[in-house]
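Commentary on secondary and tertiary structure
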Amino acid sequence: MKKITLLLFLFAFAATGTFAQEKPNRQEVLEKMVLANDYFMKKFPDVGMKLVTNAVRPSNIWTRGVYYEGLMALHQILPKQEYYKYAYDWSEFHNWGMRNGNTTRNADDQCCAQTYIDLYNLEPGPAKLKNIKINMEMVINTPQNDDWWWIDALQMAMPIYAKLGVLYDDDRYFEKMYDIYMYTKTQHGDNGLYNPEDGLWWRDADFDPPYTTPSGEDCYWARGNGWVYAAMVRVLDIMPKDATGYDEYLNMFLEMTSAIKEVQRKDGFWNVSMHDPKHFGGKETTGTALFTYGMAWGINNNILPKAEFLPIVTKAWNAMAEESVHKDGFLGYVQGTGKEPKDGQPVTYKSVPDFEDYGLGCFLLAGSEMYKLK
């Protein structure tokens, strides 16, 4: 009788797909992070080498900036001199500056400054902050708030405002960040890029209604929503709780968490198109990594209940660690650059995206929070 009962119990759990997976230990998480990062650093030893795809770009663009966010997160849990030097040499090569100089308002240009500030906090020096300080002073002292017309921009720029606000104890950074964020949320497009009914964001005005996927669904791009989710994490992690915008960002994090949770694939990944698995469906690493990063952070900071969300992040991390990471450290299932599900295709285990850096940055951010799980 006991054997039959056990078999029925196991069958029920298998049928519903709710088998609990074993949480990887810290050493296993770290090994995957190091493997993937070592592959990248060996393949791209020259930090100043221009990035050549369909065009030639300097290496301080957003794709490489996101990678260095991940590298600094890895350095925080495994402080190796070679990681610090790789980030420092990159920053020094670019004279701690941004593509298009100190007058740029483009968040993609500014993303690199997140690492500059992190390096400053490890070893202060005025040259490290000079350019971004000049640039941010221009932004906060001019009236326009429509700079972030695409949702990727939130992750590229918001952490800079939060970091500088804390560093200088200056509320102006928090206030300006909130004003630009709210414009993106409520005014770009017809009624803003955030849909409170679904708890998700349209990538830009091209995708708000009446635009739909071929199946008639709203087009919520996984990586785009991942950028917003990560932005909430990165500002909440350092902002004072009484700073302008803190409550809004916390509420947004919670609303998005509920929406993201509902559309996780059974294998642990998320689809490129979150509400339409038939529209370029399949495993995708960058969105999955960013969602894992956010939920694991929420658990680590006692914002999300561990009992509910640990199985979700465990399944997601295990999926990436086992199915995305090659034996040599190459990262598969990474969608190339673009703005919607059809871009950067095909997304397969072996396909090489146009840039190999930002996907790794997302993976390292996810790993850094998985490592911290108790």
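Just so we're clear, the structure is a prediction, and the values are computed from it rather than from any experiment.

Turning to the overall build of the protein chain, a few remarks are in order. For the protein chain, the helix and strand inventory stands at 14 helices and four strands. Overall, the C-alpha framework of the protein chain stretches about 75 × 45 × 45 Å when taken along its three principal axes. Pairs at least 24 apart in sequence give 71% of the contacts found in the protein chain among residues at least 6 apart. Surface accessibility of the protein chain: about 15,900 Å² in total, with carbon and sulfur atoms responsible for 53%. With 38 positive and 49 negative side-chain charges, the protein chain shows a separation of 7 Å between the mean positions of the two kinds.

Membership of the largest hydrophobic core comes to 119 residues, with the highest contact counts inside it found for Trp148, Met158, Met177, Trp201 and Met232. Ignoring anything within four residues of it in the chain, the contact list for methionine 232 reads Leu154, Met158, Tyr181, Tyr249, Met252 and Phe253.

Now for unusual backbone geometry. With omega at 20 degrees, the peptide bond leading from proline 209 into proline 210 counts as cis. The residue proline 210 is located in the loop between β4 (200-201) and α10 (222-236) in this model. A cis amide bond, omega 0 degrees, links glutamine 345 with the succeeding residue proline 346. Residue position: proline 346 is located in the loop between α13 (306-323) and α14 (357-372). The backbone of phenylalanine 280 shows a phi angle near 55 degrees, a positive value even though the residue is not glycine. Looking at the element boundaries, phenylalanine 280 is found in the loop between α11 (246-262) and α12 (285-300). One non-glycine residue, asparagine 302, lies in the positive phi region at around 60 degrees. Take asparagine 302: it is sitting in the loop between α12 and α13. Judged by relative accessible area, asparagine 302 falls into the exposed class, the value being 72%.

Turning next to helix α2 (residues 26-43). Compared with an ideal rise of 1.5 Å per residue, which puts 18 residues at 26 Å, α2 spans 26 Å between its outermost C-alpha atoms and is within 8% of the ideal. The set of residues buried in α2 consists of Val29, Leu30, Met33, Val34, Ala36, Asn37, Tyr39, Phe40 and Met41. Buried residues along α2 sit in contact with α3 (62-77), α4 (81-93), α13 and α14. Measuring from the backbone nitrogen of glutamine 27 back to the side-chain oxygen at the start of α2 gives 3.1 Å, which picks out asparagine 25 as the cap.

Turning our attention to the environment of glutamine 114. Topologically, glutamine 114 is positioned in helix α6 (residues 113-122). The class for glutamine 114 is buried, based on a relative accessible area of 0%. Distance in space between the C-alpha atoms of glutamine 114 and tyrosine 84 is 14 Å, their sequence separation being 30 residues. Ignoring any residue separated from it by four or fewer positions in sequence, one finds glutamine 114 in contact with Glu69, Gln155, Met156, Pro159, Ile160, Lys163 and Arg234. At 3.4 Å, the side chain of glutamine 114 and the side chain of glutamate 69 are in polar contact.

We now examine the environment of leucine 373. Mapped onto the elements of the fold, leucine 373 is located in the segment after α14. Looking at leucine 373, the relative accessible area reads 2%, which means it is buried. Along the sequence, leucine 373 and asparagine 301 sit 72 residues apart, while their C-alpha atoms lie 9.8 Å from each other. Among all residues touching leucine 373, those that are not within four sequence positions of it are Lys23, Arg26, Ala296, Ile299, Asn300, Leu310 and Val313.

We now examine the packing of α6 against helix α7 (residues 126-140). Remark: α6 packs on α7, axes separated minimally by 9 Å, with the N-to-C direction vectors making an angle of 145 degrees. Handedness of the crossing formed by α6 with α7: left-handed. Residues Ala113, Tyr116, Ile117, Leu119 and Tyr120 of α6 lie in contact with α7, whose contacting residues are Lys128, Leu129 and Ile132. For the contact of α6 with α7, the residue count by class is seven nonpolar, no polar and one charged.

Under the definition given, this model contains 22 salt bridges. Here aspartate 109 and arginine 99 are joined by a salt bridge, their closest N and O atoms 2.9 Å apart. One end of the pair, aspartate 109, is in helix α5 (residues 107-110); the other, arginine 99, is in the loop between α4 and α5, with ten residues separating them in the sequence. When salt bridges with common partners are traced through the structure, they connect Asp152, Arg203, Asp204, Asp206 and Lys339 into a single cluster.

Cut-offs applied
- Residues numbered from 1 in each chain as written.
- Predicted model: local features only at pLDDT ≥ 70, side-chain atom pairs only at ≥ 80, totals over all residues.
- Heavy atoms only, no water.
- Helix = DSSP H or I, 4+ residues; strand = E, 2+ residues; numbered from the N terminus.
- Contact = heavy atoms within 4.5 Å.
- Areas by Shrake-Rupley, 256 points an atom, 1.4 Å probe, with all protein chains shown as cover.
- Lys, Arg positive; Asp, Glu negative; His and termini not counted.
- Charge placed at Lys NZ, Arg CZ, Asp CG, Glu CD.
- Core = buried A, V, L, I, M, F, W, Y, C linked by side-chain atoms within 4.5 Å.
- Buried < 20%, exposed > 50% of the residue type's maximum accessible area, 1.4 Å probe, protein only.
- Expected span 1.5 Å × (residues − 1).
- Polar contact = N/O pair within 3.5 Å; in protein donor to acceptor, adjacent residues only side chain to side chain.
- Axes fitted to C-alpha atoms, helices over the stretch in contact; angles between N-to-C directions.
- Left-handed = near helix turned anticlockwise from the far one by under 90°.
- Nonpolar A, V, L, I, M, F, W, Y, C, P; charged D, E, K, R; others polar.
- Salt bridge = Lys/Arg side-chain N within 4 Å of Asp/Glu carboxyl O.

That's the geometry; what it means functionally is another story.
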